[in-house]
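So you can see what is in the structure, the chains are spelled out below.
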Amino acid sequence: MKQESFLPEDYRPAEDEPFMNERHLEYFRRKLITWKNELLDETRDTIEGLQESTRNIPDVADRASEETDRAIELRTRDRQRKLVAKINAALRRIDEGEYGYCEVTGEPISLKRLDARPIATMSLEAQERHERREKVHRED
């Protein structure tokens, strides 16, 4: 077993460790892969469910309700598909040594932010500036 792939079950990155050391990277890699696998499992379950529930419902109201449920489920899966793409991008950044650093400022993204949102590409401050600018431009 490789040294960097061994992590205790209860390991959490700490601020007193060197930023984005091998243990940090392995922790976030595992977190991202687990999240991605959960999303893909849910997608498979949805596809199987949609295939099984294809039936002719004579009542118009019941049919409309089922179609609405399907549309909501498909919209959720589409959001999750986009999330999987972001997870893949984060895994690529880990492999390229760019993970954990703000794409705007180049400064480290806080470990708390990365733990809460491992696909984050901006520090909290850069993200807030981005959202303020976006809000201002939307109101024009």
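Engineer: Kindly report on the overall build of the protein chain, identifying the contributing residues and their values.
Structural biologist: Looking only at helices and strands, the protein chain has four helices and zero strands in total. Secondary structure elements in the protein chain, listed N-terminal to C-terminal, are α-α-α-α. Taking the principal axes of the C-alpha coordinates as reference, the protein chain spans close to 65 × 55 × 25 Å. Sorting the 140 residues of the protein chain into buried and exposed places 29% on the buried side. Restricting to contacts in the protein chain with at least 6 residues of sequence separation, those with at least 24 account for 54%. Accessible surface, the protein chain as shown: approximately 10,100 Å² in total, 50% of it carbon and sulfur.

Engineer: Tell me about the environment of Thr121, residues and numbers included.
Structural biologist: For Thr121, the position within the fold is in the loop between helix H3 (111-116) and helix H4 (124-138). In sequence terms Thr121 and Glu73 are 48 residues apart; their C-alpha atoms lie 28 Å from each other. Sequence-distant contacts of Thr121, defined by excluding residues within four places in its chain, comprise Arg93, Tyr101, Cys102, Glu103 and Ile109.

Engineer: So, unusual backbone geometry: which residues are in play, and what are the values?
Structural biologist: Even without glycine at this site, Met20 takes up a positive phi of about 55°. As for its position among the elements, Met20 is in the segment before helix H1 (22-52).

Engineer: Any chance you could break down the environment of Glu17 for me, citing the residues and the numbers?
Structural biologist: For Glu17, the location among the structural elements is in the segment before H1. The residues contacting Glu17, other than those within four sequence positions of it, are Tyr11, Arg12, Arg23 and His24. Side-chain polar atoms of Glu17 contact the side chain of His24, separated by 3.0 Å.

Engineer: So what about the pattern of salt bridges? Which residues, and what values?
Structural biologist: Enumeration over the complete set of coordinates arrives at nine salt bridges. Measuring nitrogen to oxygen at the nearest pair gives 2.9 Å for the salt bridge that ties Lys31 to Asp115. Of this pair, Lys31 sits in helix H1 while Asp115 sits in helix H3, placing them 84 residues apart in sequence. The partly exposed category is assigned to Asp115, whose relative accessible area is 25%.

What counts as what
Residues numbered from 1 in each chain as written. Predicted model: local features only at pLDDT ≥ 70, side-chain atom pairs only at ≥ 80, totals over all residues. Heavy atoms only, no water. Helix = DSSP H or I, 4+ residues; strand = E, 2+ residues; numbered from the N terminus. Buried < 20%, exposed > 50% of the residue type's maximum accessible area, 1.4 Å probe, protein only. Contact = heavy atoms within 4.5 Å. Areas by Shrake-Rupley, 256 points an atom, 1.4 Å probe, with all protein chains shown as cover. Polar contact = N/O pair within 3.5 Å; in protein donor to acceptor, adjacent residues only side chain to side chain. Salt bridge = Lys/Arg side-chain N within 4 Å of Asp/Glu carboxyl O.

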